[in-house]
Amino acid sequence: MRGQDLHLCALANVLTNPALVLLNLIFPAAWLLLLLECAAVGVEGLVYLRCARRIRRPFLFALWANACSFGLGLVIGGIL
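Residues numbered from 1 in each chain as written. Predicted model: local features only at pLDDT ≥ 70, side-chain atom pairs only at ≥ 80, totals over all residues. Heavy atoms only, no water.

1. A look at helix H1 (residues 3–26)
Here H1 is 24 residues long and its end C-alpha atoms lie 35 Å apart, about the 34 Å a rise of 1.5 Å per residue gives. For H1, the secondary structure elements touched by its buried residues are helix H2 (30–51) and helix H3 (58–76). (Helix = DSSP H or I, 4+ residues; strand = E, 2+ residues; numbered from the N terminus. Expected span 1.5 Å × (residues − 1). Contact = heavy atoms within 4.5 Å.)

2. Details of H3
A rise of 1.5 Å per residue sets the reference length of H3, with its 19 residues, at 27 Å; its end C-alpha atoms lie 27 Å apart and thus fit the reference within 8%. Within the sequence span of H3, burial applies to Pro 58, Ala 62, Ala 65 and Asn 66. Looking straight down H3, one finds its buried side chains confined to an arc of 95 degrees; they lie on one side. Along H3, exposed side chains directed more than 90 degrees from the buried face belong to Leu 60 and Trp 64. Contact partners of the buried residues in H3: H2. Downstream of H3 by one or two residues, Gly 78 has phi in the positive range, about 80 degrees. (Buried < 20%, exposed > 50% of the residue type's maximum accessible area, 1.4 Å probe, protein only. Arc of directions from axis to C-beta.)

3. What to know about the confidence of the model for the protein chain
Looking at the protein chain as a whole, the pLDDT averages 89, with 96% of positions reaching at least 70. Here H1 stands out as the least confident element of the protein chain, with mean pLDDT 87; H2 is the most confident, with 93. (pLDDT = per-residue confidence, 0-100.)

4. Describing the nonpolar core
Ranked by size, the top nonpolar core spans eight residues in total: Leu 8, Cys 9, Ala 12, Val 41, Tyr 48, Ala 52, Ile 55 and Ala 62. Elements supplying a minimum of two residues to this core: H1 and H2. Each residue touching Ala 52, except ones within four places of it in the same chain, is listed here: Asp 5, Leu 8 and Val 47. Leu 20, Leu 32, Leu 33 and Leu 36 belong to the second largest nonpolar core, which has five residues in total. (Core = buried A, V, L, I, M, F, W, Y, C linked by side-chain atoms within 4.5 Å.)

5. Details of the layout of surface pockets
A water-sized probe, rolled over the atoms, reveals where empty space remains. If you add up the space inside the largest pocket, you get close to 360 Å³. For the largest pocket, the lining is made up of 18 residues, of which Leu 20, Val 21, Glu 37, Phe 70 and Gly 73 are closest to its centre. Within the residue set of the lining of the largest pocket, elements represented by two or more residues are H1, H2 and H3. No other element matches H1, which puts seven residues into the lining of the largest pocket. Considered class by class, the residues forming the lining of the largest pocket number eight nonpolar, eight polar and two charged. (1 Å grid on protein atoms, 1.4 Å probe; cavity = no way out; pocket = protein on both sides within 12 Å on 5 of 7 lines; lining within 4 Å. Points joined across faces, edges and corners; volume = space filled by probe spheres on them. Nonpolar A, V, L, I, M, F, W, Y, C, P; charged D, E, K, R; others polar.)

6. Considerations on the packing of H2 against H3
A pair of packed helices can be characterised by two numbers: the angle between their axes and the separation between those axes. One can describe the packing of H2 onto H3 by two numbers: an axis separation of 8 Å at closest approach and a directional angle of 135 degrees. On the basis of the axis angle, H2 is oblique to H3. The handedness of the crossing between H2 and H3 is right-handed. Touching Leu 33, Glu 37, Ala 40, Val 41, Gly 42, Glu 44, Gly 45, Leu 46, Tyr 48 and Leu 49 of H2 are Pro 58, Phe 59, Phe 61, Ala 62, Leu 63, Asn 66 and Phe 70, all from H3. Along the lines of polarity and charge, the residues of the contact of H2 with H3 split into twelve nonpolar, three polar and two charged. (Axes fitted to C-alpha atoms, helices over the stretch in contact; angles between N-to-C directions. Parallel < 35°, antiparallel > 145°, perpendicular 65-115°, else oblique. Left-handed = near helix turned anticlockwise from the far one by under 90°.)

The following block contains the structure:
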């Protein structure tokens, strides 16, 4: 992955993650969290599809990145 695509990944995450966390804090429901995570994957996948040059499967990459981020959040939060 080139530096430009790496910067794009960071930007996409910075744009979607704070909104997702804030909405989850305001409306704490598991079903809503799942919906928000799916929306984040969709938005990030579209960003990667339109802007990334070397990401071959943008939606799969977005799903993987968000799964890792979610898992790390669980570890940091002491849930796992």
